[in-house]
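Inside the fold
What follows is each chain in one-letter form.
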Amino acid sequence: MIRRVVVTAVAVPIAAAGGLLAWGELDPHEVSATVEISASADEVYGIVADFRRYPQWNPFIVKAEGEPRKGARLHNVLRDSDGGTMAFSPKVLKAEPGRELRWIGRMWMPGIVDGEHYFRIEPAGNGRVRLTQGERFSGALVPVAGGQLDMADEFAAMNAAVKARAEAA
């Protein structure tokens, strides 16, 4: 009898965690914002990849340290629309000048909440580019995190600041 109780007490939380992990992986939460900018792809990438200048203009990622190169570890501080901040240390997955910058950040350990953040730059014609900033969240806590992962307003604010900076140059 005691053995059954112990096995059940161990098995139920493991099964629940496994179910949440599967749910978070099969149904990730995605957020993005897009803006068209009258500038070259290289100019826009140069702004997005110049981490040292983020504190001067960026309303969302208010501090970023590190190098925009594949495999590098960054140290970023985010500010949400309520003024709260959060620090994290993502790893750069892709740094292709004029095209894409992508990193992955994790909460505590892989599989809890993983956020793959990207800046994609695409031609839009007539000397313009389209900047899409987005993030794909997956992991065990994603199904219960709800609106806390919805950062579309913060992405849009940063995109507007990139646009203003690029078009003023």
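Just so we're clear, the structure is a prediction, and the values are computed from it rather than from any experiment.

Looking now at the side chain of Glu 154. Along the polypeptide, Glu 154 turns up in helix H5 (residues 152-168). One buried charge, Glu 154, has no salt-bridge partner; the nearest side chain with opposite charge is Arg 79, at 10.0 Å. Every residue in contact with Glu 154, bar those within four places of it in the chain, is listed here: Phe 60, Arg 79, Asp 80 and Ser 81.

The next thing to look at is unusual backbone geometry. Trans is the common state for peptide bonds, and a negative phi is the common state for residues other than glycine. Positive phi, close to 65°, is recorded for Trp 108, a residue that is not glycine. On the basis of relative accessible area, Trp 108 is assigned to the exposed category, the value being 72%. Residue Asn 126 is not a glycine yet carries a positive backbone phi of 55°. With respect to the element layout, Asn 126 can be found in the loop between strand S7 (114-125) and strand S8 (128-138).

This next bit is on helix H2 (residues 41-48). Those residues of H2 not exposed but buried are Val 44, Tyr 45, Ile 47 and Val 48. For H2, the arc enclosing every buried residue in end-on projection is 160°, short of the 170-degree limit, so these residues lie on one face.

Before going further, it helps to spend a moment on the packing of aromatic side chains. Working definition: an aromatic ring pair is given by the centre-to-centre distance plus the angle between the planes. Following the criterion strictly, the structure yields five aromatic pairs and no others. With centroids separated by 5.5 Å and ring planes inclined at 90°, the aromatic side chains of Phe 51 and Tyr 54 adopt a geometry described as edge-to-face. Tyr 54 shares its class with Phe 51; the two are buried. Between the aromatic rings of Phe 51 and Trp 103, the centroid separation amounts to 6.3 Å while the plane-to-plane angle is 65°, which identifies the pairing as edge-to-face. Linking Phe 51 in the loop between H2 and helix H3 (54-57) with Trp 103 in strand S6 (residues 100-106), this pair joins segments that are 52 residues apart in sequence. Assessed through its relative accessible area of 2%, Phe 51 is described here as buried.

The next subject is the nonpolar core. Core analysis: the largest hydrophobic core is formed by 37 residues, its most contacted members being Ile 37, Val 44, Ile 61 and Val 162. Breaking this core down by element, the ones donating at least two residues are strand S1 (29-37), H2, H3, strand S2 (61-65), S6, S7, S8 and H5. Ranked by the residues each element gives to this core, the list is headed by H5, at five residues. The residues touching Val 44, leaving out its near neighbours within four places in the chain, are Ile 37, Ala 39, Ile 121, Val 129, Leu 131, Val 162 and Ala 166.

Cut-off values and rules
For every chain, the first residue of the written sequence is number 1, and numbering continues from 1 along that sequence. Where totals are concerned, whole chains, interfaces and linings use all residues; where local detail is concerned, this predicted model gives features only for residues with pLDDT of at least 70, and gives and counts side-chain atom pairs only at 80 or more. Only heavy atoms go into the side-chain values, all of them from the structure, while hydrogens and water stay out. Strands here mean DSSP runs of E at least two residues long; helices mean DSSP runs of H or I at least four residues long; both are numbered from the N terminus. Classification of residues uses two cut-offs on accessible area relative to the type maximum, computed with a 1.4 Å probe and protein chains only: under 20% is buried, over 50% is exposed, and between them is partly exposed. The charged-residue count follows a simple rule in which Lys and Arg add positive charge and Asp and Glu add negative charge, with His and chain termini not counted at all. The salt bridge criterion pairs a side-chain nitrogen of Lys or Arg with a carboxyl oxygen of Asp or Glu, the two atoms within 4 Å. The contact rule is simple, with two residues in contact once any of their heavy atoms fall within 4.5 Å. The arc in question is traced by the directions running from the helix axis to the C-beta atoms. Two rings belonging to Phe, Tyr or Trp (six-membered ring only in the last case) form a pair when the distance between their centres is within 6.5 Å. Interplanar angles under 30 degrees mark stacking, angles over 60 mark edge-to-face geometry, and anything in between is tilted. Note on terminology: a nonpolar core comprises buried Ala, Val, Leu, Ile, Met, Phe, Trp, Tyr and Cys residues joined through side-chain atoms within 4.5 Å.

Just distances and angles here, no functional claims.
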